[in-house]
Amino acid sequence: MKNIVVLVSGGGTNLQALIDAQKNGIIKNGKITCVISSNPSAYALERARNNGIDTAVIRRKDYEEFDTYDEALTNLLISKNADLVVLAGFMTILGHRVISAFKDRMINIHPALIPSFCGEGYYGLKVHEAVLEKGVKLSGATTHFVTEECDGGPIIMQKSIEVKNDDTPKTLQRRIMEEIEWKILPISVELFCSDRIKISNNKTIILD
Ligand code: GAR
């Protein structure tokens, strides 16, 4: 059984999808043991407490130097014995210390079809605004491992939906969450927890 620690910053609907997946058996080989937030008033923390999951808060602004913050987050994750770290709407930039400590053991969900609409500055609603601004006809979400390149690590799963003529950033965001994110994130986590993801040449191979 793998020990899962989830990093959050906001509403935590993806965290909720993970908690539900654990309850309904989609996640069988892992257990969420701690939720860490960059924001003390994130509703995601409430979701964790409602489910008896340990919580912690770590704020970038409490550290003068980025490096000290990076070290503190790394140590916190190590102290929680994380086998897998899941970024479920975590909006703070990660440093190279934490990324290397959890190399091939940190999964992020991004609300677009990587390599489009990703990288620095593309997060939350901004992604969907950019998608609508460009006029692409398909969008979606991607799960991937975290590497030093922002949103550039090995892709685990992707799914697409059609963009509608009357979509707003909010309607598109909601549809992508409901139809894609809340499904592919739990499945990706279970694939990891059951040792079914092989990484080679910055790509993944999913084993049956
Ligand atoms: C989700 O749409 C997630 O994909 C996105 O933030 C939202 C968090 O919602 N993440 C990013 O943009 C990361 N670059 P949630 O707190 O309800 O899960």
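Higher on the page you've got the structure.
Treat the numbers as computed from the prediction; the structure is a model and nothing was measured.

Visitor: Provide a residue-level description of the overall build of the protein, including the pertinent values.
Guide: When helices and strands are counted, the protein shows six helices and nine strands. Here the C-alpha atoms of the protein give a radius of gyration of 16 Å, agreeing with the 17 Å that 2.2 N^0.38 yields for 208 residues. With the principal axes as the frame, the protein shows a C-alpha extent of 50 × 45 × 40 Å. Partitioning the contacts of the protein with sequence separation of at least 6, the portion at a separation of at least 24 is 65%. Considering the protein, the positive charge centre built from 25 side chains and the negative charge centre built from 26 side chains are found 5 Å apart.

Visitor: Any chance you could break down the packing of aromatic side chains for me, citing the residues and the numbers?
Guide: Each aromatic ring pair is specified by the distance between its two centres and by the angle formed by the two planes. Here the structure, examined in full by the defined rule, presents four aromatic pairs. Between F117 and Y122, the aromatic rings sit 6.4 Å apart at their centres with planes inclined by 75°, giving edge-to-face as the arrangement. Using a relative accessible area of 33% as the deciding quantity, one classes Y122 as partly exposed.

Visitor: Which residues make up the packing of helix 1 (residues 13-23) against helix 2 (residues 43-50), and what values do they have?
Guide: Axis separation between helix 1 and helix 2 bottoms out at 9 Å; the angle between their running directions is 15°. Here helix 2 runs roughly parallel to helix 1, going by the angle between their axes. Every pair of crossing elements has a handedness; the one defined by helix 1 and helix 2 is right-handed. Contact residues: helix 1 offers T13, L15, Q16 and I19, while helix 2 offers A44, R47 and A48. For the contact of helix 1 with helix 2, the class distribution of residues is four nonpolar, two polar and one charged.

Visitor: Summarise the layout of surface pockets; cite the residues concerned and give the values.
Guide: In this approach the atoms are scanned with a rolling probe the size of a water molecule, which exposes any empty space left behind. Each pocket or cavity is described by its volume, and for the largest pocket that value is around 840 Å³. What lines the largest pocket is a set of 37 residues, among which G89, F90, M91, N108 and Y123 lie closest to the centre. Contributions of two or more residues to the lining of the largest pocket are made by helix 1, strand 5 (106-110) and helix 6 (169-193). Per-element tally for the lining of the largest pocket: the top contributor is helix 6, with four residues. Split into classes, the residues belonging to the lining of the largest pocket amount to 14 nonpolar, 17 polar and six charged.

Visitor: So what about the pairing of strand 3 (residues 54-57)? Which residues, and what values?
Guide: Inspection of the sheet shows strand 2 (residues 30-37) paired to strand 3 by four bridges, in the parallel sense. Across the sheet, V35 pairs through a bridge with T55, a residue of strand 3.

Visitor: Go over the pattern of salt bridges with me, naming the residues and quoting the values.
Guide: This model, assessed by the stated rule, comprises eight salt bridges. Two residues, E46 and R49, come together in a salt bridge whose shortest N-O distance is 3.4 Å. Separated by three residues within a single helix, E46 and R49 lie in helix 2, roughly one turn from each other. Owing to a relative accessible area of 47%, R49 belongs among the partly exposed residues under this scheme. A salt bridge links E178 to R174; its shortest N-O distance comes to 3.0 Å. Of the two residues, E178 and R174 are both situated in helix 6; the distance of four residues between them amounts to about one turn of the helix.

Visitor: Give a detailed account of the site of the ligand, specifying residues and quantitative values.
Guide: Taken together, the neighbourhood of the ligand is formed by 14 residues, with G12, T13, N14, G124 and E181 sitting nearest. T13 is positioned such that a nitrogen or oxygen atom in its side chain is 2.7 Å from an oxygen atom of the ligand. Separating an oxygen atom of the ligand from a side-chain N or O atom of N14 is a distance of 3.0 Å. Protein chains bury 92% of the 450 Å² of accessible surface belonging to the ligand in isolation. Contributing elements (two or more residues each) for the shell around the ligand: helix 1, strand 5 and helix 6. Taken together, the residues that form the shell around the ligand break down as six nonpolar, seven polar and one charged.

Scoring rules and cut-offs
- Residues numbered from 1 in each chain as written.
- Predicted model: local features only at pLDDT ≥ 70, side-chain atom pairs only at ≥ 80, totals over all residues.
- Heavy atoms only, no water.
- Helix = DSSP H or I, 4+ residues; strand = E, 2+ residues; numbered from the N terminus.
- Rg over C-alpha atoms; globule rule 2.2 N^0.38 Å.
- Contact = heavy atoms within 4.5 Å.
- Lys, Arg positive; Asp, Glu negative; His and termini not counted.
- Charge placed at Lys NZ, Arg CZ, Asp CG, Glu CD.
- Phe/Tyr/Trp six-rings, centres within 6.5 Å; stacked < 30°, edge-to-face > 60°.
- Buried < 20%, exposed > 50% of the residue type's maximum accessible area, 1.4 Å probe, protein only.
- Axes fitted to C-alpha atoms, helices over the stretch in contact; angles between N-to-C directions.
- Parallel < 35°, antiparallel > 145°, perpendicular 65-115°, else oblique.
- Left-handed = near helix turned anticlockwise from the far one by under 90°.
- Nonpolar A, V, L, I, M, F, W, Y, C, P; charged D, E, K, R; others polar.
- 1 Å grid on protein atoms, 1.4 Å probe; cavity = no way out; pocket = protein on both sides within 12 Å on 5 of 7 lines; lining within 4 Å.
- Points joined across faces, edges and corners; volume = space filled by probe spheres on them.
- Pairing = 2+ DSSP bridges.
- Salt bridge = Lys/Arg side-chain N within 4 Å of Asp/Glu carboxyl O.
- Near = heavy atom within 4 Å.
- Polar contact = N/O pair within 3.5 Å; in protein donor to acceptor, adjacent residues only side chain to side chain.
- Areas by Shrake-Rupley, 256 points an atom, 1.4 Å probe, with all protein chains shown as cover.

Functional significance is not addressed by these values, which are geometric in nature.
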